[in-house]
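Examination of the molecular architecture
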Amino acid sequence: PGNVLERDNDATQVIERAGEPVGTVRLSVHGDVGGVYGFAVHPSLQGQGSGRDVLGRVCRQVRDQGCSRVTLEVETQNANALRLYTSTGFVPEAGEDYWAVEL
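Attention in this report is confined to the structure presented alongside it.

Thoughts on the pattern of salt bridges
This structure, assessed with the given rule, holds 3 salt bridges. With a shortest N-O distance of 3.0 Å, Asp53 and Arg57 are connected by a salt bridge. Of the two residues, Asp53 and Arg57 both sit in helix α1 (residues 50–64), 4 residues apart, roughly one turn of that helix. Residue Asp53 is classed as partly exposed on the basis of its relative accessible area of 40%. The salt bridge involving Glu93 is made with Arg69; its shortest N-O contact spans 2.3 Å. Remark: Arg69 occurs in strand β5 (residues 69–72) and Glu93 occurs in the segment after α2 (79–87); sequence separation between them is 24 residues. Exposure remark for Glu93: the relative accessible area of 61% places this residue in the exposed category. What makes Arg69 partly exposed here is its relative accessible area of 37%.

Considering the packing of α1 against α2
The interhelical angle for the contact between α1 and α2, taken along N-to-C directions, is 45°, at an axis separation of 11 Å. Relative to α2, α1 is oriented oblique. Considering the relative orientation of α1 and α2, their crossing is right-handed. Taking contact as the criterion, the partners of Gly51, Arg52 and Leu55 in α1 are, on α2, Leu84, Tyr85 and Ser87.

Some points on the pairing of strand β4 (residues 33–41)
Across 7 bridges, strand β3 (residues 20–30) lies against β4 in antiparallel orientation. Following the sheet pairing, Leu27 is matched in β4 by Val36. The turn joining β3 and β4, which pair antiparallel and follow one another in sequence, is formed by 2 residues; a positive phi near 65° is taken by Gly31. As paired elements, β4 and β5 share 4 bridges and run parallel to each other. Bridging across to β5, Val36 finds its partner in Leu72. Read from β4 through α1 to β5, the crossover connection turns out right-handed.

Thresholds, definitions, all that
Residues numbered from 1 in each chain as written. Predicted model: local features only at pLDDT ≥ 70, side-chain atom pairs only at ≥ 80, totals over all residues. Heavy atoms only, no water. Salt bridge = Lys/Arg side-chain N within 4 Å of Asp/Glu carboxyl O. Helix = DSSP H or I, 4+ residues; strand = E, 2+ residues; numbered from the N terminus. Buried < 20%, exposed > 50% of the residue type's maximum accessible area, 1.4 Å probe, protein only. Axes fitted to C-alpha atoms, helices over the stretch in contact; angles between N-to-C directions. Parallel < 35°, antiparallel > 145°, perpendicular 65-115°, else oblique. Left-handed = near helix turned anticlockwise from the far one by under 90°. Contact = heavy atoms within 4.5 Å. Pairing = 2+ DSSP bridges. Right-handed = clockwise from strand over helix to strand, strands pointing away.

So, in structure tokens, the structure goes:
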């Protein structure tokens, strides 16, 4: 990851490839739990290993900070993201429905 914006126990990082921004990831550490939020890689680069690399580095980073657990949120209909997360050891823990209003 490239540029970092930090606040309290949260750090939002810009993911860069060849010096160009290609995504974001926000880490939130509370006690011994690290949370991954807002993780996105540009669609044109998905499936090429960038997300897997970033996720691995993020998990190592929070483990090095003393976390014994890493959680994340994902849209349950996002098959590509679900494949990435389950292939790297994440398991489903809870499900939520998302609601929106049409304007």
